[in-house]
Amino acid sequence: MTRVVGRLLLINLLAYFVTRSNLDLFAWFSLVPAQVLTRPWTLITYQFLHDPGGLSHIFFNMIGLFFFGPKLESRLGSPTFLKLYLTAGLVGAVVHILWTVISISRGGLYVPMVGASAAVYGVLFAYASYWPRDRVLIWFVIPVQVRVLVIAFTVISLWSGLGGMGGGVAHFAHLGGFLGGWLYLRMRAARSPAAQFKKQTESPGSRMGERELTTNWRKIEPTSLHPVNRAEYDRISDKVKALGWAALTERERAFVERFGGGLG
């Protein structure tokens, strides 16, 4: 058990038992789409509430968090995992609100929402992104790869939501959880050191033109180079003579910039 997962499990369980006997408190923290502008905190608090009429809602959400959360938290780190969890829940709420507006305009039902499902779906999506071939046992019997589980849940949520088989379940919030998990992972990847380095090396301003390469190359004094760097110099020289400057890789261009630009 990891730190954040353990605390999330505890908070959800405490909230369930406290609000089960206090329906006014339950209503105050539930997400009601029509009241979200006057009660914005419910975009977060709804994620920690569950149907007080039975245990199945909280049981399946918490067992999903228990199975998929710890390994993912260990991979991402506790702060990142918590951000992923809350982001998935938040995007799930936004998608649910948007779908509620569309549904009401078509004469559909008005559905308030509680539950950690969107957040847990985000965790499941992220887990499948890192370990798609891991297997889980459905009903503790049928082995299914996690990536197949994500696809199956997506199809079920779409079919149930669009086909009018809601049954009081916010199916589009589940899809929003998947979307939130995907968006968070994309944003995290875009901010990673590797992505920033790639962006810098691929930006037009960072790529030296032929004239600059030639200028830097002429500044290099081969006899002053270490034997290892001299061998690289000779190799690049032969490549330029045979194929031209355009054939150089980013690594080779960096060599020319370093030793020709006085950074050696």
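Residues numbered from 1 in each chain as written. Predicted model: local features only at pLDDT ≥ 70, side-chain atom pairs only at ≥ 80, totals over all residues. Heavy atoms only, no water.

## Considerations on the packing of helix α11 (residues 227-243) against helix α12 (residues 250-260)
At a minimum axis distance of 11 Å, the contact between α11 and α12 shows a crossing angle of 120°. Between α11 and α12, the angle is such that the two are oblique. When the axes of α11 and α12 are compared, the crossing they make is left-handed. Of the residues in α12, those touching α11 at Asn229, Glu232, Tyr233, Arg235, Ile236 and Lys239 are Arg251, Glu252, Phe255 and Phe259. Its residues assigned to classes, the contact of α11 with α12 shows four nonpolar, one polar and five charged. (Axes fitted to C-alpha atoms, helices over the stretch in contact; angles between N-to-C directions. Helix = DSSP H or I, 4+ residues; strand = E, 2+ residues; numbered from the N terminus. Parallel < 35°, antiparallel > 145°, perpendicular 65-115°, else oblique. Left-handed = near helix turned anticlockwise from the far one by under 90°. Contact = heavy atoms within 4.5 Å. Nonpolar A, V, L, I, M, F, W, Y, C, P; charged D, E, K, R; others polar.)

## Observations regarding the side chain of Gln145
With respect to the helices, strands and loops of the structure, Gln145 is situated in strand β2 (residues 142-145). A distance of 2.7 Å separates the side chain of Gln145 from the side chain of Arg147, its partner in a polar contact. Those residues in contact with Gln145 that sit more than four places away from it in its chain are Pro132, Arg133, Asp134 and Arg135. (Polar contact = N/O pair within 3.5 Å; in protein donor to acceptor, adjacent residues only side chain to side chain.)

## Describing the environment of Thr19
Residue position: Thr19 is located in helix α1 (residues 3-20). Separated by 31 residues in sequence, Thr19 and His50 have C-alpha atoms that sit 8.8 Å apart. With near-sequence residues (within four places) excluded, Thr19 lies in contact with Leu25, Phe26 and Leu49.

## Points about the packing of aromatic side chains
In this structure the tally under the stated criterion is 14 aromatic pairs. A ring pair is formed by Tyr127 and Trp131, whose centres lie 4.8 Å apart and whose planes are at 50°; its orientation type is tilted. Like Tyr127, the residue Trp131 is buried in the burial classification. Relative to Phe259, the ring of Phe255 has its centre 4.6 Å away and its plane inclined at 45°; by these criteria the two rings are tilted. Of this pair, Phe255 and Phe259 both sit in helix α12, four residues apart, roughly one helical turn. For the pair formed by Phe255 and Phe259, the shared burial category is buried. An aromatic cluster of at least three residues, connected via ring pairs, comprises Phe68, Tyr127, Tyr130 and Trp131. (Phe/Tyr/Trp six-rings, centres within 6.5 Å; stacked < 30°, edge-to-face > 60°. Buried < 20%, exposed > 50% of the residue type's maximum accessible area, 1.4 Å probe, protein only.)

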